[in-house]
Amino acid sequence: MSHQTGINADAELLDFLGKHKQDQRLLKIAIEAEKLVLVDHKAPQQSWEEDYDAMVLSSVEEKMPTYIFYRLDSINDLGYEWIYIVYSPDFAPVREKMLYAATRATLRKLFGGGQIREEVFGTVPSDISLEGYKSHVVSQNAAVPLTFAEEELKMVKETETNHHINVNSKHQTVQGISFPISDEAIEKIEQMKSGSINYVQLAIDTNNETINLDNCLDTSVENLNSRFPLDHARYHLFLYKHSHEGDYLESIVFLYTMPGYKCPIKERMLYSSCKSTLLDVLEKMMGLTILRKVT
């Protein structure tokens, strides 16, 4: 079978893999004269961990790449499981390193990828020692660092349950993430609805999962920006008093402010996830007419 590098397994290697590999603890394979050849093989002596360092470390040379298949004691549906070790020391000739790298997948397929439990690459003996192998396994099983977007999605999934909303002593269940609104906040929202105050700022208590009143001092359009915290997210309701084509109007504007990465991930996610359900409560349950939503 021909491959991209033109490297084929010789007849002896093919025969050995077909008849004897399950009886072996270690197989050492190299590229010689443009062929994959069996260089050495070792039978089990003790457990795989007890055999490991003595067999593996004695099979590598200082400046020569090599392939090693090391048999574990665990079994899957295809037989014993193996570690596939690709050793390519830094000081090996460049051509040799390139040749071994290019033939790596070919040999894996030839051996039988379904029997390979782990694949380890090393440039120094410590990389492929028993300690190095165990460190590799730990790193492979460790949680992959999440991107910012993945972290936010994870937070949404962890918090995406139905909560009860307390509005005027009524308990309602709405779809999505929603937290109870404090009585004090409800009182000030009602005052805005009647026109007696023109500004309400709401904050999420991330520990108790409630939405509370944070500020209700009257403000002007010009000073509205000064009410936006620089280190925390907030919801704002502003009663905008203005005239349009000669008519006097009072319009409620909803604003959601988020100062970016200065906020903890949990806070960013909770504000983002609670926004829609909060608006549902304000409009449908409290009868607030919100002219514009700035989010």
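Parameters at a glance
- Residues numbered from 1 in each chain as written.
- Predicted model: local features only at pLDDT ≥ 70, side-chain atom pairs only at ≥ 80, totals over all residues.
- Heavy atoms only, no water.
- Helix = DSSP H or I, 4+ residues; strand = E, 2+ residues; numbered from the N terminus.
- Contact = heavy atoms within 4.5 Å.
- Pairing = 2+ DSSP bridges.
- Axes fitted to C-alpha atoms, helices over the stretch in contact; angles between N-to-C directions.
- Phe/Tyr/Trp six-rings, centres within 6.5 Å; stacked < 30°, edge-to-face > 60°.
- Buried < 20%, exposed > 50% of the residue type's maximum accessible area, 1.4 Å probe, protein only.
- Lys NZ or Arg CZ within 6 Å of the ring centre and 35° of its normal.
- Expected span 1.5 Å × (residues − 1).
- Core = buried A, V, L, I, M, F, W, Y, C linked by side-chain atoms within 4.5 Å.

### Points about the environment of T295
Piece 1. Locating T295 in the fold gives a position in the segment after β13 (290-294).
Piece 2. When the C-alpha atoms of T295 and S272 are compared, they prove to be 9.4 Å apart, with 23 residues separating the residues in sequence.
Piece 3. Leave out the neighbours within four places in its chain, and T295 touches F254, Y256 and K275.

### Regarding the sheet that holds strand β1 (residues 8-9)
Piece 1. The strand order β1-β3-β2-β4-β5-β6 describes an open sheet built from six strands, whose pairing is mixed. Sheet topology places β1 and β6 (116-122) at the edges, where each strand pairs with a single neighbour.
Piece 2. Bridge analysis of strand β4 (residues 66-76) against strand β5 (residues 79-87) gives eight bridges, and the strand direction is antiparallel. If you follow F69 over to β5, its bridge partner there is Y84.
Piece 3. Running over the sheet, helix α1 (residues 11-19) touches β1, β2 (26-32) and β3 (35-42) and is turned about 45 degrees from β3.
Piece 4. Running over the sheet, helix α3 (residues 94-111) touches β1, β2, β3, β4, β5 and β6 and is turned about 30 degrees from β4.

### A look at the packing of aromatic side chains
Piece 1. Scanning the entire structure with this criterion turns up 13 aromatic pairs.
Piece 2. Between F69 and F111 the ring centres are 3.9 Å apart and the planes differ by 5 degrees, which places this aromatic pair in the stacked class. Residue F69 is located in strand β4, and its partner F111 is located in helix α3; the two are separated by 42 residues in the primary sequence.
Piece 3. Among the residues examined, F69 registers a relative accessible area of 0% and is labelled buried.
Piece 4. Three or more aromatic residues joined by ring pairs form one cluster here, namely Y67, F69, W82, Y84, Y100 and F111.
Piece 5. Positioned above the aromatic ring of F111 is the side chain of K21, whose terminal nitrogen or guanidinium carbon lies 3.8 Å from the ring centre.
Piece 6. In this structure, R71 is placed above the aromatic ring of Y80, and the distance from its NZ or CZ to the ring centre is 3.7 Å.

### Side note on the environment of P180
Piece 1. Mapped onto the elements, P180 comes out in the loop between β8 (170-173) and α7 (183-194).
Piece 2. Each C-alpha atom, one on P180 and one on N212, is 8.6 Å from the other, the two residues being 32 residues apart in sequence.

### A few points about the pairing of strand β10 (residues 210-215)
Piece 1. Relative to β10, strand β9 (residues 199-205) runs antiparallel, the two sharing five bridges. If you follow A203 over to β10, its bridge partner there is N212.

### Points about α3
Quick reminder: α-helices carry 3.6 residues per turn. Residues three or four places apart thus point the same way.
Piece 1. In this model α3 runs 25 Å from its N-terminal to its C-terminal C-alpha over 18 residues, within 8% of the 26 Å that 1.5 Å per residue would give.
Piece 2. Among the residues making up α3, those that are buried are E96, L99, Y100, T103, T106, L107 and F111.
Piece 3. Residues of α3 that are buried in the fold lie against α1, β2, β3, β4, β5 and β6.
Piece 4. A positive backbone phi angle near 115 degrees is found at G112, which sits one or two residues after α3.

### Examining the nonpolar core
Piece 1. Y235, L237, F254 and L282 are the most contacted members of the largest nonpolar core, which has 30 residues in total.
Piece 2. For this core, the secondary-structure elements that each account for two or more residues are α7, β9, β10, β11 (234-244), β12 (247-257) and α8 (265-285).
Piece 3. Counting residues per element, this core draws most heavily on α8, at seven residues.
Piece 4. In contact with L237, not counting residues within four places along its chain, are I189, M192, N198, Y199, V200, I252, V253, F254, L282, L288 and I290.
Piece 5. Ranked by size, the runner-up nonpolar core spans 21 residues in total, among them L13, F69, L99 and I116.

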